[in-house]
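Each chain is listed here by its residues.
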Amino acid sequence: MKSITQMLVMMILVVGFGSAVEVLRPRGVPLSKRQFYEEDKPFTCLDGSRTIPFDRVNDDYCDCKDGSDEPGTAACPNASFHCTNSGYRPTFIPSSRINDGICDCCDTTDEYNSGAKCENTCRDLGRKEQEVLQKMAEITKEGFLLKQQLIQEGKNGQQEKQNKLNELQNSKKELEEKVEALRTTVKETAEQPEKEAKERHLKAWEEQKAAVQAEKDKNKMAEAFLELDDDADGLVSVVELQSHMELDSDADGSVSEAEAQALLGGVDRVDTAAFESVWSNIKDKYVSESQPVDAAPADATPEEIKEPVTDNDSDQYPNDEDLPEEEEDEEDEDDDYPEEDAPPTARTPEKKDENEEAMPPYDDATQALIDGAQKARENFEESERALRDMDDQIRNIEKEISFDFGPEGEFSYLYSQCYELTTSEYIYRLCPFNRVSQKPKYGGSETNLGTWGTWAGPESNKYLVMKYEHGTGCWQGPNRSTTVKLTCGKETVVTSTSEPSRCEYLMEFITPAVCQEPSSTDPQRNHDEF
Amino acid sequence: MFSFLLFRMGLLLGLCVFFLLGGVWAVDRGNFKTCNQSAFCKRQRALKPGQSSYRALLDTLELSDSRLTLQLINDNNKVHLLLELYRLQGNITRVKINELKPLKPRFEVPDVLIGEPPTEPLSVLSRDDNGLVLSLGVESQRLIVSARPFRLDIMEGPEVLLSLNSRGLLAFEHLRLRGGKDKEEDGLWEETFKSHTDSKPNGPTAVSLDFSLPGVEHVYGIPEHADNLKLKTTDGGEPYRLYNLDVFQYELYNPMALYGAVPVMLAHNTQRTMGIFWLNAAETWVDISSNTAGKTVFGKMLDFVQGSSETPQTDVRWISESGIIDVFIMLGPKPSDVFTQYASLTGTQSFPPLTGLAYHQCRWNYNDQDDVKAVDEGFDQHDIPCDFIWLDIEHTDGKRYFTWDPHKFPQPKDMLQGIKDKRRKMVAIVDPHIKVDSGYKIHNEIRDKNFYVKNKDGGDYEGWCWPGNSGYPDFTNPEMRAWWASMFAYDQYEGSMENLYTWNDMNEPSVFNGPEVTMHKDAMHGHWEHRDVHNLYGLYVQHRATAEGQIQRSGGTERPFVLTRAFFAGSQRYGAVWTGDNAAEWDHLKISVPMCLSLGLVGISLCGADVGGFFKSPSAELLVRWYQTGAYQPFFRAHAHLDTPRREPWLFGPENTALIREAIRQRYALLPYWYQQFYQAHKTGQPVMRALWVEYPKDTATFTIDDEFLIGRDLLVHTVTEEGARGVTAYLPGLGEVWYDVHTFQKHNGAQNLYIPVTMSSIPVFQRGGSIIPRKVRVRRSSECMENDPYTLFVALSPQRVAEGELYIDDGHTFNFQTKKEFIHRGLSFVNNVLTSKNLCPESNFSTKSWIEKVLILGASKPSKVTLKMDGKETSVDFEFDASMSVLTLRKPGMNAGADWAVVLL
């Protein structure tokens, strides 16, 4: 049979400034609850469920549903035991740890009947904790100072950004107006005269061409007249026309007398003057007697030959190497793009019809107008580009401003920074508010461990944890994600990374930005709970 | 764990087709053979029932005291076989058939039987030209040998219990020389499956035999299959296959082979239970057919009403690729008799250390020492008991077993000591594939000692597994096993300590690039082909190799704890088995019950499924339900795949943490009962987790139940395995019996279907009226911490107001219970209002600090006085009575758990 010989224990507590006071209470009861355990009076379970004789308190049998009758034994499954832990911090342990052979309380009071050899380590622990706390306090103090700087810098930075943004937004308006103005200028002031001058130039040239053509036509007619006038009588007769089969208008295989006569305007013969009207009827069909019939398409040939050559060029590469080819092609296209878009130059007509004579270069005045318009267009485009750049800048600043950099902007200094940690295998990289990545140390591609998601600390302070999400997917698993735990320190540095669960990373990150203001009281904590 | 990494390895091996199937969540059936793709199975199955070509040559009869031999001849090819018949003690008949003069010896399975089974005299009762009648011992049982065609019938009185070759399916492919008279049929001398060619130098060697079971409609056993407890007929489908395989993401409710094989089938009806033990370690297929399978319930009733003459009958046919026919027919008649008979042949369940029955926390993988420490602390922070933390393959240095990753586990002893300080233990995995690496001591020694399995050309067999290119030690070689065992010595296995135990995975063996993910059948184990020994390999790994190593390292004093994935008949002697790589799905939770029940029927009691499911990620609800179920199954281990999110019990919110904590606490409180059940299993071979029909063999309503089970005789468990369940319907067996809800103590009558409304905290468990169950309700952080804690006795009265139970106590971890009889074994009984404890084993000696703190008597009436009689003294005992539930609570009677005492209710 078990009997608990030591139901009441004498406890020596260090209170206040080291004066020893003896306090009697049942084993495992905290001083704060001492009044409920009065010797020689019946004990009422703390939940009020029943009252039992006091000798059933700590008698190693569970009478109260709430376990309150057995604070010093393991009899109740839901009870807890209070370790005073003089010299260190008092604590409660589940009563299942009483006499389980494992030292839980640093003052050894939980193992009073198990044979476990426990040493009182409270003073050691207290001292160590003290040291740690002091160190922490120092760090916190310095860190907090740094944080103030960060806050100030953040504020300045934020202000600068805001100023810059305002400035940009103002300039943007100006620029927008300028762009509008330029658009008008280009259209009305530069392009209109350019267009008119070009049209004039074109018209003049076309007139010139027409004149040349007319001259050519006339010569041709004269030649044709001479050719047709077989008997050289100065007249072209029906018979002479009949020898030209191409003039067979009813396509019956011969040029009849009537047909010929009709061509000659109803007469039998015409002279050179009258031939003019005849010529206009037959010139399209007429084939010179000295000219080969199939000479006409010759001008197309060079191009037809050339094109397949280019095709063959690309076909020379095996299919599976298409990709780089295509990429090159695309680049080429990109390069070509401005050219295609460029205004027509004097060269353009020349290219179209080699038979025709090239259009003469623009005269100086026209060319000046063209150059002027081109310049205006370039100005316009440049301004547009500037406007776009400005929009980008505005967006970037707006984005940056929109980040939650903490209640006082203390995290803003982390923006657009990156911090690395090299482990035995990988280089981890944390770019706050942007992304976390991992790269094998000895070559290999980078893996995205998550992009900035949200602050994810506890309700009391969400700024203690950052969450990066939607990184590279895992096979049959989730997308990689990283939780970054922030702790107070003087430096800004990643101290560790781990992968507690597959594809879920944990990163420890030290920054002054989370340092709390040191409490005004002495950092030495009070050992006693009362 | 595993072969999931096959996917990754697959890439290495260029098996990219795997990758394409990545989204499909199921076994790739194409990786495993059907009967049709296994040449011998196809060949044998093509043989249809009919007249057997075998004839008994009665004039060759030889009968010694206990052995009868007789030649059989195959009239088709004139090959002579030798039939041996033995009557074994304990109502077992052994039938052996081998070639009379084989070209060379055929493989006979060693090391599975615990010894040469003791025989009983056989005598010939009568004999004529048609056959002979043998007496089977003292009972009215006879064995009739019919000569033409050959068949055997075992009869009791006028009834035929079982017939052999009654359908003429005996087939024995004799050894022959290649190029003989036989035409070169496909698959006789070579066979190809996928890219693997089996050279088959011995040609066809299959054996097959049929068994008819008149009056039997229910057959069970032949694990391991992810299927119902009651075996199904295989007509028109695949036979049940027994071939130890690493099956990636196995499918449920089908007869495909899994990790282990026990060729034992139980046949049961209301009159009798029998067993067939087909002792053959080669690839084996089992066909089952039934003449009632197609009948509807109505049809069966019609037969009954009309007095239809056709008796229900189940026919079974066994087909093995090589070896001989060696069958043990266990004649029962009770289920418990069959268990005793089987245990007399292959031994009983090893008695695990108590801690092995507690909760195990596993994951592939705990990342490093800090992680292990954090998990250990997590259990304390959340006040959840835990005995073991497990380390999977990543703890090793590059999958070199017996080593530690120098970065992640640089100080294994510090880690183990930290765990030991919490009175907890660890398990580290040791797989049987050995990295081929000349810088690896284990490999070098195995190679130098010539201990590796050989390929068909005589070189060391190599295959792919976790470490990449690997050798496979020949565990069939006793010298190899002895050497392997010696590797567990503390000075050999660096970083190991006494609280480090072992897990043997991948011991089918798993060979990623082998045929069907296992070893080539033409690989050589000494003189024998892998074909002959395949299903034995896993047993050997776990066997005298690993378990023996653990025993040896302690100088023979400590009980080992070894978990294995592959197993065979006899594996129960060496440790625990789990159901392999299941998945976080409700159906997988459900199937854990019939899978472990089936193992229990064939001797393997220490069975469990990965709590939570190995593949995929469970919902909080599924995880909680799985803990609640696992807490009531023998081997209780949570495990998870590498790629799943963490799932330690406290990661699912405070409510679920509390639910899981409560489930694990229920397990710990019940550890005394579990321990006692395993002591019994070790002594008697009775299963711990029992199918209901085992205890209620005449109640046909129990015959197909596999969603609830018994622990021992006295606890009935019907856990919730349906998503969103509002209630479960449990069958409470036993006409005239009562069952008490263990949580509310409400009493229910037996022989009824009881609807039980459930909430998330419900774990429906009932204690049988008439039983006494000891618990330790002071649950602590590990079982070792609870060693000296007091007991609470739960006395559940039967309607006759009696109850009995036992209490077994020993040191929990040594063999002293066996070698020095250091144990306490008490018989507890409640009769005539007196509860007594008496010593069941007076020659035992052990003392305990544990005492009896409380006795609850369920179904009691209020006494006027309660007295304790002990040491000739009488003392009064305080009590309380709860009239609403009729529960009498005796307050702190206080007697030592090992003492004689009596408590009298007046």
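Residues numbered from 1 in each chain as written. Chains lettered and ligands numbered in written order. Predicted model: local features only at pLDDT ≥ 70, side-chain atom pairs only at ≥ 80, totals over all residues. Heavy atoms only, no water.

Looking at an unreviewed UniProt entry, one finds chain B named Glucosidase II alpha subunit, with Astyanax mexicanus as its source organism. The Sequence similarities (unreviewed entry) field of the UniProt record for chain B holds the comment "Belongs to the glycosyl hydrolase 31 family." (UniProt positions renumbered as here; feature names shortened; annotations may be inferred.)

In the nomenclature of an unreviewed UniProt entry, chain A corresponds to Glucosidase 2 subunit beta from the organism Astyanax mexicanus.

Enquirer: Talk me through helix H8 (residues 364–402) of chain A; I want residue IDs and the actual numbers.
Expert: Residue and element names in this part refer to chain A. End to end, H8 covers 56 Å across 39 residues, agreeing with the expected 57 Å (1.5 Å per residue, within 8%). Looking at H8, one finds that the buried residues are Thr366, Ile370, Ala373, Ala376, Arg377, Phe380, Ser383, Leu387, Met390, Ile394, Ile397 and Glu400. The secondary structure elements touched by the buried residues of H8 are helix H1 (122–228). N-capping of H8 is provided by aspartate 363, with a side-chain oxygen placed 3.0 Å from the backbone N of alanine 365. (Helix = DSSP H or I, 4+ residues; strand = E, 2+ residues; numbered from the N terminus. Expected span 1.5 Å × (residues − 1). Buried < 20%, exposed > 50% of the residue type's maximum accessible area, 1.4 Å probe, protein only. Contact = heavy atoms within 4.5 Å. Polar contact = N/O pair within 3.5 Å; in protein donor to acceptor, adjacent residues only side chain to side chain.)

Enquirer: For the UniProt feature "domain: Glycosyl hydrolase family 31 C-terminal" (unreviewed entry) in chain B, give the residues involved together with the corresponding values.
Expert: The positions that UniProt labels "domain: Glycosyl hydrolase family 31 C-terminal" (unreviewed entry) are, in the present scheme, residues 685–773 of chain B. Secondary structure within residues 685–773 of chain B divides into 4% helix and 38% strand; the distance between the first and last C-alpha atoms comes to 20 Å.

Enquirer: Go over the domain arrangement of chain A, please, and point to the residues and values.
Expert: Here chain A is described as being made up of domain 1 (4–120) and domain 2 (412–514). Taken over C-alpha atoms, the centre of domain 1 of chain A sits 45 Å from the centre of domain 2 of chain A. (Domains from an automatic or database assignment.)

Enquirer: Describe the sheet that holds strand S42 (residues 765–768) of chain B, with residues and values.
Expert: Residues and elements named next belong to chain B. Read across the sheet, 6 strands follow the order S35-S36-S37-S42-S39-S40 without closing on themselves; strand pairing throughout is antiparallel. Edge strands, defined here as strands with exactly one partner in the open sheet, are strand S35 (689–690) and strand S40 (747–749). Bridge count between S35 and strand S36 (residues 709–711): 2 bridges; the pairing is antiparallel. Following the sheet pairing, arginine 690 is matched in S36 by leucine 710. (Pairing = 2+ DSSP bridges.)

Enquirer: With reference to specific residues and values, describe the pattern of salt bridges.
Expert: Residue and element names in this part refer to chain B. Taken as a whole and assessed by the stated rule, the structure comprises 87 salt bridges over all chains. Put simply, aspartate 789 and arginine 780 hold a salt bridge, and the shortest N to O gap is 2.7 Å. A residue is classified by how much of its surface remains accessible, and aspartate 789, at 5% relative accessible area, is buried. Each of the salt bridges in this network shares a partner with another, and the network as a whole consists of Asp198, Arg241, Glu283, Glu321, Glu516, Lys521, Glu529 and Arg531. (Salt bridge = Lys/Arg side-chain N within 4 Å of Asp/Glu carboxyl O.)

Enquirer: Now, about the interface of chain A and chain B: what can you tell me, with residues and values included?
Expert: A common way to express how large an interface is: the accessible area buried when the components associate. The interface is formed by 29 residues belonging to chain A together with 36 residues belonging to chain B. When chain A packs against chain B, close to 2,800 Å² is buried across both sides, 42% of that on carbon and sulfur atoms. It is Tyr61, Trp475 and Arg502 of chain A that lose the most area in chain A upon contact with chain B, and together they represent 27% of the buried surface on that side. Remark: the boundary between chain A and chain B carries 9 salt bridges. Of the charged contacts, one joins arginine 891 of chain B and aspartate 59 of chain A as a salt bridge, the two residues approaching to 2.8 Å between their closest N and O atoms. (Buried area = accessible area lost by both parts, 1.4 Å probe.)

Enquirer: Describe the state of the cysteines, with residues and values.
Expert: In this structure the tally under the stated criterion is 10 disulfides over all chains. Bridging cysteine 106 of chain A to cysteine 122 of chain A, the disulfide has an S-S length of 2.0 Å. Around the S-S axis, the bridge from cysteine 106 of chain A to cysteine 122 of chain A shows a dihedral of about 100 degrees and counts as right-handed. Linking cysteine 106 of chain A in the loop between strand S6 (91–94) and H1 with cysteine 122 of chain A in helix H1, this pair joins segments that are 16 residues apart in sequence. The class for cysteine 106 of chain A is buried, based on a relative accessible area of 6%. Under the relative-accessibility criterion, cysteine 122 of chain A is labelled buried at 0%. Here cysteine 474 of chain A pairs with cysteine 503 of chain A through a disulfide, and the sulfurs are 1.7 Å apart. Measuring handedness by torsion sign, the sulfur bridge of cysteine 474 of chain A and cysteine 503 of chain A sits at about -105 degrees and is left-handed. Residue cysteine 474 of chain A is found in the loop between strand S13 (465–469) and strand S14 (481–488), and its partner cysteine 503 of chain A is found in the loop between strand S15 (493–501) and strand S16 (504–511); the two are separated by 29 residues along the sequence. A single burial state applies to cysteine 474 of chain A and to cysteine 503 of chain A, both of which are buried. Indicated for chain B is the disulfide connectivity 1-2, 3-4, based on numbering the bonded cysteines in sequence order. Free cysteine: cysteine 785 of chain B, not disulfide-bonded; nearest cysteine sulfur from cysteine 103 of chain A at 11 Å. (Disulfide = S-S within 2.5 Å.)

Enquirer: Tell me what's going on with the packing of H1 of chain A against H8 of chain A, and back it up with residues and numbers.
Expert: Residues and elements named next belong to chain A. At a minimum axis distance of 8 Å, the contact between H1 and H8 shows a crossing angle of 160 degrees. Relative to H8, H1 is oriented roughly antiparallel. The crossing of H1 and H8 is left-handed. For the contact of H1 with H8, the per-class residue count stands at 20 nonpolar, 9 polar and 14 charged. (Axes fitted to C-alpha atoms, helices over the stretch in contact; angles between N-to-C directions. Parallel < 35°, antiparallel > 145°, perpendicular 65-115°, else oblique. Left-handed = near helix turned anticlockwise from the far one by under 90°. Nonpolar A, V, L, I, M, F, W, Y, C, P; charged D, E, K, R; others polar.)

Enquirer: Which residues make up empty space enclosed by the protein, and what values go with them?
Expert: Residues and elements named next belong to chain B. This model, assessed by the stated rule, comprises 11 cavities of 30 Å³ or more. Considered as a void within the structure, the largest cavity measures approximately 120 Å³ in volume. The wall of the largest cavity is formed by 15 residues, among which Lys33, His196, Asp198, Pro515 and Lys521 lie closest to the centre. Quantified by volume, the second largest cavity comes out at close to 70 Å³. Lining of the second largest cavity is provided by Gly221, Ile222, Pro223, Glu224, His225, Asp227, Asn228, Leu231, Met595, Ser598 and Leu599. For the lining of the second largest cavity, the element with the highest residue contribution is helix H12 (residues 586–601), accounting for 3 residues. By residue class, the composition of the lining of the second largest cavity is 5 nonpolar, 4 polar and 2 charged. (1 Å grid on protein atoms, 1.4 Å probe; cavity = no way out; pocket = protein on both sides within 12 Å on 5 of 7 lines; lining within 4 Å. Points joined across faces, edges and corners; volume = space filled by probe spheres on them.)

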